[in-house]
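# Tertiary structure, described
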Amino acid sequence: MAQSGDRAPAASLSLLDATMVGMGAMIGAGIFVLTGLAADISGPGALLVFVLNGVVTTFTGLSYAELASAIPKSGGGYAFVREIFSDWISFLMGWMLGFAYMIAGALYALGFASNFVEFVHIYLPAFPGGATMHVIYALLVIVGLIALNAVSTEASGGAETVVTIIKIIILLIFAGFGLAVVQPDAFQPLFPEQKTGWSLLPAMGLTFIAFEGYDLITTVTEEVENPRENIPKAIFISLIATVAVYLLVVFVAIGTLGADELAAAGETGIAEAATSFMPQIPLLGGGGSLVVFGAVFSTVSALNAVVLASSRVLFAMGRENQLPAPLGKISAKYGTPFWAILASAVVMLVSVVFLPIEQVGRVSSLFFLISFVVVNLSVIRLRQERPNMQRPFEMPLYPYVPALGILLNGILAYYLLREDVVTLLVGLGWIALGSGVFWALKRRDASGDEDAATTDAASDA
Amino acid sequence: MPSRPDLHVIIAGGGEVGLRTAHLLNDRGHDLTIIERDADRCSRLGDEYVATIIQGNATLPEIFEQAAPQSADVVAALTNDIPANLAICMMAKHLHDNLHTVMRTDTEIGDAHADLVDAVVYPERASALLAVNAIIGGDVRAIEDVMGEIEIMEVRVSEAAPARGKTLEDVSFPSGSLVISDHEGSRIARPDTVLEAGRRYIVAADPEVVDEIMRLLRG
C-alpha cells in the first residue's frame, strides 16, 4: 500500500475568520488587565487614551493593508520589511517583532494566572493563589499551549472564530448591563487634580499592547479567500470593531466604578466594575465572575495567537537564513515548526519568571511601537524605490498617513521610556543580543563560503 | 551566503506561461515577483495573489531594479518576445552576476543562446513545467500535470530534509499527498519505506500541500 497523508492541511479563511484572527489577538489581556492601570495614570481621561490609541493604530493599519495587498507573503511585518530593507534592518525587525509577540505572551499568561485564581476562588476559596503560584500558573498555561501547538497543526481557523465571538459577546453583555447605570458625573472633571492631558501619552504607551493583533492577519494572508480584497477589509473591520468594544467597556467601567476605584482595583478593575452592577447569573454567580471567566478565556486565546505569531516570525527568519536553519524547518513527526515554537516558549517562560507584569507590558508595547515605525518606513521606501509596484489597496493621504504613523508611534515610545530605565535597559539588551547573533551568524556564513571557495579552487587545480 | 530553502524568483512576462510558472513555484513555497508590461494584465495577475507585481517594461533597468534583483536568486524571462527575453537575461547577468538566468525561446531560434544564459526553455514542450524544472534544478522534477490540478513529482530527499532517514509511517504528511514509489521507482512505497537522503521518490500532491511536501523532503 502506498503511504497517504492524513494530517489536516491549513484551512482557508473567510473574511469573518480573518477578521476574528485580528480581534482574537487584540482582545486579550490588554483590556482586562490594563484598563485599571490607565485609569491610575489618566483618571477618567483613560477613555481618551483608548480613543487616541485607536487613531494612532489606524495609521499603521493603513500601512499594513497596503503592504499586505501588494506583497503576497505570510510572514507579516518581517516579510514586508525584508522586501525593502537591508539584511541588518530586516533581521532586527524580525528579532524585535518576534520578541514583542513572545513577551506579549508572557503578559497574557500572567493575566491568565490572576484571572484564573480569581475565577477558581469563586468556587474554591482555599485554592492556593499567592504571587509565586501566579507565576506557576502562568508557566503552566504557556507550557500547555506550546505543547499543543508543537505537536498539532489542527486548523485553528474555525475554532478561533467561535472563541473570539464568545469573548466579544461577554464584553457586550458587560457593557449592555453597565450602560443603564453609568453615572455621567464620573467623567467630570476629565482630568482631576494634578493630572493633565499630558498624562495621556504615558498611559497610551502602556496600553498600546491592547491595539496590537490586527497585524496577525498579515501572517496568514495566503490562507485567506480572495486575499487582495479581504485582507485590507479584515484589518479595518477588526480595528474598528475592537476600538468600539474597548470604548464601550472603558466607558462603562469608569462610569460605574469611577476612575479612582477602577485605578485602585488595578488588574482586576473590569471584574470589580461588573460585580458592582451586574445581576446574579445562574451557575456563574455575580457579574464579576462572568467577566473573570471572559478574561480567562480571552487571555488563553490571545496567548495561543501570539505563540503562533512568534513562531511564524522565527520560522520565516529561519527560512531566510537569518536564524539557524532548524528554526526554519517543520518537524517530520508533527508537521509543525517545532523548534521555532520551542524557542518562543523559552523566551516566554524566562520573561514570566524575571519581569514584573507592568514591565512585561511596557517592553512588549515598546517593541511593537518600534516595529510599527519600521513598517511605516517600508511603505514610504517602497513607494519611492518601486513606484511601478502594483498596490491593489493604496492608502489615502500618502505620505501624511505613514509619516504621522512614524511620528506618533515614536512619541509614544519616547514617553514609554522617559521614566522607565528598566524597559530601556531590557530593550537595549535585547537589541544588543540580536546584534551579536546577527554578526555571529554572518561570520559563520562567511567562513562557510570561504571553505567552499577553497575547495572549488582545489578541485579546479 | 548558503542557499535559502525558498528561492526568490523574478519572472519577466506575466502571460499564461509566466503566470502558470508562478503558480507552480508559489505552490512550492518560493517567493515571486512578476514584471508585466500590460496594466490590465497586471490587475488580473494581482487577483491571483501569488507574486508581487511590477508594471513596466522588464528590459528597462529602472523597471527591472524594482523587482529587487540584488536579493533574488533566479531570473526567468518568459515573455513571448524572444529578443527581449535574451536582453533581460543579459542585463540581469550584467547587473547582478550571481543571478541564475532562465530564458524562454522558440523552436526557430532554439538553443542558439544556450551559452549566454544558464537555461533555455521551449514553450512548445510544456513550457511552464519545464521552466519550473530549470529554475529549481535537478532535485525536484515535475513528471506530469495530471488533470490540471494534482502534481506528480520526482523529488530527491535532501541532506537537510526533516524527513531524511525516517520511515513513511513516522512522517506526518498532510492529507492530499501520497508517496507513490520507493526510491528510483522500483517498488510501490510502504509504511516502512525509508526516505533516504539523495534518493528520488515519486510523490503526488494537491497544489495546496506541495509546499509542505517540499519542506518535509527538501528542508
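Since this is a predicted model, take the numbers as computed values, not measurements. (Residues numbered from 1 in each chain as written. Chains lettered and ligands numbered in written order. Predicted model: local features only at pLDDT ≥ 70, side-chain atom pairs only at ≥ 80, totals over all residues. Heavy atoms only, no water.)

### What to know about the overall build of chain B
Quick note on the threshold: Every helix listed is a DSSP run of H or I at least four residues long, and every strand listed is a run of E at least two residues long, numbered separately from the N terminus. Three labels apply to residues, based on accessible area from a 1.4 Å probe with only protein chains included: buried if under 20% of the type maximum, exposed if over 50%, partly exposed otherwise in between. In these tables, accessible area is a Shrake-Rupley quantity obtained with a 1.4 Å probe, and a residue counts as shielded only by the protein chains included in the view.
Counting its secondary structure elements, chain B contains 6 helices and 10 strands. Put simply, chain B has 219 residues, and 56% of those count as buried. Of the roughly 9,000 Å² that chain B leaves accessible, carbon and sulfur atoms contribute 48%.

### Topic: the confidence of the model for chain A
Note the cut-off: Per-residue confidence from the predictor is given as pLDDT, running between 0 and 100. Any pair of residues with heavy atoms lying within 4.5 Å of one another is described as a contacting pair.
Of all residues in chain A, 92% attain a pLDDT of 70 or more, and the chain-wide mean is 84. Of the regions scoring below 50 in pLDDT, residues 450-461 of chain A engages in 0 contacts with residues more than four places distant in sequence or in other chains.

### Remarks on the interface of chain A and chain B
Quoted interface sizes are often the accessible area lost when the parts come together. Put simply, the rule reads: Two parts placed together each lose some accessible area; with a 1.4 Å probe, that loss summed over both constitutes the buried area. What counts as a salt bridge is simple: a side-chain nitrogen of Lys or Arg found within 4 Å of a carboxyl oxygen of Asp or Glu. Any pair of N or O atoms that falls within 3.5 Å is considered a polar contact. Within protein, one atom must be able to donate a hydrogen and the other to accept it, and sequence-neighbouring residues count only if both atoms are side-chain atoms. When residues are sorted by character, Ala, Val, Leu, Ile, Met, Phe, Trp, Tyr, Cys and Pro go into the nonpolar class, Asp, Glu, Lys and Arg into the charged class, and all the rest, Gly among them, into the polar class.
Between chain A and chain B, the residue contacts involve 41 residues of the former and 50 residues of the latter. Both sides of the chain A and chain B interface together cover about 3,800 Å² of buried area, and 51% of this is carbon and sulfur. Along the contact surface separating chain A from chain B lie 2 salt bridges. Between A:Arg319 and B:Asp6 there is a salt bridge, and its shortest N-O distance comes to 2.6 Å. Taken together, chain A and chain B are joined by 11 residue pairs in polar contact (both at pLDDT 80 or more). Residue assignment for the side of chain A that touches chain B shows that the elements contributing at least two residues are strand 1 (3-4), helix 3 (46-70), helix 4 (77-84), helix 9 (227-257), helix 12 (287-319) and helix 16 (421-460) of chain A. Taken together, the residues of the side of chain A that touches chain B break down into 16 nonpolar, 10 polar and 15 charged.

### As for the pattern of salt bridges
Residue and element names in this part refer to chain A. Applying the stated criterion across every chain, the model contains 17 salt bridges over all chains. Close ionic contact of Arg383 with Glu66 constitutes a salt bridge, the shortest N to O distance being 2.7 Å. Placement of Arg383 in helix 14 (residues 357-385) and of Glu66 in helix 3 is noted, with a sequence separation of 317 residues between them. Of the two residues, Arg383 and Glu66, both sit in the buried class. When salt bridges that share partners are traced, they join Glu66, Arg383, Arg391 and Glu394 into one network.

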